[in-house]
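# Survey of secondary and tertiary structure
For reference, the chains in residue letters:
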Amino acid sequence: MNTINKLTELFSKFPGIGPRQSKRFIYFLLTRNNGFLEELSRLISQLKKEVIVCDECKRFFANSSNSNICNICGDKNRDNELLMVVERDADFENIERSGAYEGKYFVLGGRVPILEKNPEQKIRARELVAVINTRIKNKNLKEIILAFSVNPEGENTEHYIKKLLSAIAEKHLLKISILGRGLSTGIELEYPDSETLKNAIKNRI
Ligand SMILES: [Zn+2]
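These numbers come from a predicted model, not from an experiment.

### Here's the deal with the pattern of salt bridges
On inspection of all chains with the given rule, the structure shows eight salt bridges. Residues R135 and E56 are paired through a salt bridge, measuring 3.1 Å at the closest nitrogen-oxygen approach. Within this pair, whereas R135 is found in helix 6 (residues 125–139), its partner E56 is found in the loop between strand 1 (51–53) and strand 2 (60–62), the two being separated by 79 residues in sequence. The exposure class of R135 is buried, given its relative accessible area of 4%. In this structure, E87 engages R111 in a salt bridge whose closest nitrogen and oxygen atoms are separated by 3.0 Å. Residue E87 is found in the loop between strand 3 (79–86) and helix 4 (89–98), and its partner R111 is found in the loop between strand 4 (103–107) and helix 5 (119–122); the two are separated by 24 residues along the sequence. Within the structure, one salt-bridge network assembled from shared partners comprises E87, R111 and E153.

### Focus: a nonpolar patch on the surface
Together, F28, F36, L37, L40 and I44 make up an exposed nonpolar region whose accessible area comes to about 420 Å². Here the nonpolar patch takes four residues from helix 3 (residues 34–50), the largest share from any one element. Among the secondary structure elements, F28 is positioned in helix 2 (residues 19–31).

### Structural notes on the packing of aromatic side chains
For the structure shown, the criterion picks out five aromatic pairs. When the centroid spacing of 5.3 Å and the interplanar angle of 85° are considered together, the rings of F11 and F25 count as edge-to-face. Of this pair, F11 sits in helix 1 (residues 3–12) while F25 sits in helix 2, and the two are 14 residues apart along the sequence. Classification of F11 by relative accessible area gives buried; the value is 14%. Clustering of aromatic rings is evident, with ring pairs tying together F11, F14 and F25. In this structure, R32 is placed above the aromatic ring of F36, and the distance from its NZ or CZ to the ring centre is 6.0 Å.

### Some thoughts on the coordination of the zinc ion
Distances from the zinc ion to its protein donors, C54 (SG), C57 (SG), C70 (SG) and C73 (SG), fall at 2.3 Å. Around the zinc ion sit four donor atoms; with metal-centred angles ranging over 106 to 116°, the donor geometry is tetrahedral. Mapping the donors of the zinc ion onto the primary sequence gives the spacing C-x2-C-x12-C-x2-C. On the criterion of sequence distance, the pair formed by C54 in the loop between strand 1 and strand 2 and C73 in the loop between strand 2 and strand 3 is long-range, its members being 19 residues apart. Here the two residues C54 and C73 agree in accessibility, since each one is buried.

Scoring rules and cut-offs
Residues numbered from 1 in each chain as written. Predicted model: local features only at pLDDT ≥ 70, side-chain atom pairs only at ≥ 80, totals over all residues. Heavy atoms only, no water. Salt bridge = Lys/Arg side-chain N within 4 Å of Asp/Glu carboxyl O. Helix = DSSP H or I, 4+ residues; strand = E, 2+ residues; numbered from the N terminus. Buried < 20%, exposed > 50% of the residue type's maximum accessible area, 1.4 Å probe, protein only. Patch = residues over 30% accessible without salt bridge, like charges linked within 9 Å, V, L, I, M, F, W, Y side chains within 5 Å. Areas by Shrake-Rupley, 256 points an atom, 1.4 Å probe, with all protein chains shown as cover. Phe/Tyr/Trp six-rings, centres within 6.5 Å; stacked < 30°, edge-to-face > 60°. Lys NZ or Arg CZ within 6 Å of the ring centre and 35° of its normal. Donors = N, O, S within 2.8 Å, 3.2 Å for Na, K, Ca; no water. Tetrahedral: all angles 85-135°; square planar, octahedral: opposite > 155°, others 65-115°.

Printed below as a string of structure tokens:
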């Protein structure tokens, strides 16, 4: 297989990218100068060395201080009584950008597909339970906010997590809430604007 075909195959693995777009990337790269290509390959090879997964919230962060905990999990001014569960890092980033939320996060790493037989293999279910148990013990956790996409897979994930957490929530009197209405159907949380997110968080149910 030649380089173009190999690269086409690799780019096609990116989310939302098909073979045709993948080819466009390659022709775009071919028009750039060597400096651009070298910088790109250098940064790609550094990525995994510099960016690690936070021990607590499981999001990716640039590890500049040699700590396994990200700046948000380590921030003493954030509200430890609230834990917001999101699907992906992009959702976390959009909510954080809105400035509408002061609590802590947990990144599930995906959604539970409809009729999935092994949901715990699709998302960080066990890790979520472990983090919640620790937070109940050490951090006075009171409420878990499920902030998922407004689509069938998002709803399926919500049902699964609610069931997963029902016993622990009952035992420790934890409130489990979901985002309020106002988010359009079909939307993923990386897209709504700050005002919409603020209202959805404020009016959570
Ligand atoms: Zn963290």
